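In case you want the letters, here they are:
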Amino acid sequence: MRSVGLFFGSFNPIHIGHMIIAQAVIDAGSVDELWFIVSPQNPFKKNSNLLHEFDRLEMVEAAIQDQPQMKTSDVEFNLPKPSYTVQTLAVLSEKHPDKSFKLIIGEDNLTHFHKWKNHEEILKHHQLIVYPRPNARAPKIDIEDKADFIKAPMLHISATYIREAIEKGHSIKYLVPPEVDYLIKSKKLYN
């Protein structure tokens with residue numbers, strides 16, 4: 001059974017921080033493949049600057065075009081909104097019974113993981129892959145045997161910072177993959 005790491009996010013836009021985490025997960029040997037799940041709407045975030053999901057999917061596809069172990073998924077585009085991870089995992093598990101899915105999350109998300117819809121169901125059927133995040137606090141639930149903690153650099157890059165830089169006319173050259181920079185400029189995204 002192939003093991004697939006699921007990296008959920010709005011990727012608004014995808015940036016080098018996301019890419020470094022994805023590569024660290026692959027390099028840790030925890031998964032055979034990594035899928036970027038582009039979320040139309042995060043139930044914990046209300047973002048008025050959210051680019052259309054197809055533009056964000058296109059940016060992720062451009063960013064990973066030369067990475068054979070990485071794929072994109074638009075599975076949440078056809079699910080009720082807001083998207084809940086437990087529903088997405090159920091749909092993917094049903095569609096791909098030959099794969100085991102692991103959930104990739106930042107260490108900071110462990111603090112409020114107990115607030116996620118049906119978090120017990122997620123932990124019952126799926127392993128977590130946890131990457132380090134600054135200012136992360138201890139989780140309020142026991143995840144000891146359900147989580148693999150990986151090493152990855154902690155970068156303070158945010159999509160918000162990138163969008164603000166674009167609005168000010170500043171370069172984002174070293175913040176996003178070159179293909180994403182090209183797409184943002186050529187399609188005048190975030191302008």
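Predicted, not measured: the structure shown is a model, and the values here were computed from it.

Scoring rules and cut-offs
- Residues numbered from 1 in each chain as written.
- Predicted model: local features only at pLDDT ≥ 70, side-chain atom pairs only at ≥ 80, totals over all residues.
- Heavy atoms only, no water.
- Helix = DSSP H or I, 4+ residues; strand = E, 2+ residues; numbered from the N terminus.
- Polar contact = N/O pair within 3.5 Å; in protein donor to acceptor, adjacent residues only side chain to side chain.
- Salt bridge = Lys/Arg side-chain N within 4 Å of Asp/Glu carboxyl O.
- Buried < 20%, exposed > 50% of the residue type's maximum accessible area, 1.4 Å probe, protein only.
- Pairing = 2+ DSSP bridges.
- Right-handed = clockwise from strand over helix to strand, strands pointing away.
- Arc of directions from axis to C-beta.
- Contact = heavy atoms within 4.5 Å.

A. Structural view of the side chain of S83. Along the chain, S83 turns up in the loop between β3 (70-73) and α3 (85-95). Polar side-chain contacts of S83 include one of 3.4 Å to the side chain of E76.

B. Seen up close, the pattern of salt bridges. One pass over the structure, following the stated rule, counts six salt bridges. The residue R2 makes a salt bridge to E33 at a minimum N-O spacing of 3.1 Å. Residue R2 is located in strand β1 (residues 2-9), and its partner E33 is located in strand β2 (residues 33-38); the two are separated by 31 residues in the primary sequence. Here K185 and D181 are joined by a salt bridge, their closest N and O atoms 3.3 Å apart. Taken as a pair, K185 and D181 lie in helix α6 (residues 178-186) at a separation of four residues, close to a single helical turn. For K185, a relative accessible area of 56% translates into the label exposed. If you follow the salt bridges from partner to partner, you end up with D55, E58 and K187 in one network.

C. Broad picture of the pairing of strand β5 (residues 127-131). Of all five residues making up β5, four are buried, and the element is well covered by its neighbours. Here strand β4 (residues 99-106) pairs with β5 via five bridges, running parallel. What sits directly across from K102, in β5, is Q127. Note on the crossover from β4 through helix α4 (residues 119-125) to β5: the handedness is right-handed.

D. Just the environment of E167, in detail. Examined against the element boundaries, E167 turns out to sit in helix α5 (residues 159-167). As for E167 and Y190, which are separated by 23 residues in sequence, their C-alpha atoms are 7.1 Å apart.

E. Up close: α6. By the burial criterion, the buried members of α6 are V180, D181, L183 and I184. Seen end-on, α6 carries its buried residues on one side only, within an arc spanning 165°. Exposed and oriented more than 90 degrees from the buried face of α6 are P178, Y182 and K185. Tucked inside the fold, the buried residues of α6 contact α2 (53-63) and α5. One or two residues past the end of α6 sits K188, with phi positive at roughly 55°.

F. Here's a closer look at unusual backbone geometry. In this model, N12 is joined to P13 through a cis peptide bond whose omega is 5°. Of note, P13 is situated in the loop between β1 and α1 (16-28). K81 connects to P82 through a cis peptide bond whose omega is 0°. Here N118, not a glycine, exhibits a phi torsion of approximately 50°, which is positive. Structurally, N118 can be placed in the loop between β4 and α4. Using a relative accessible area of 41% as the deciding quantity, one classes N118 as partly exposed. Here the phi dihedral of K188 falls at roughly 55°; this positive angle occurs in a residue that is not glycine. Relative to the elements of secondary structure, K188 occurs in the segment after α6.

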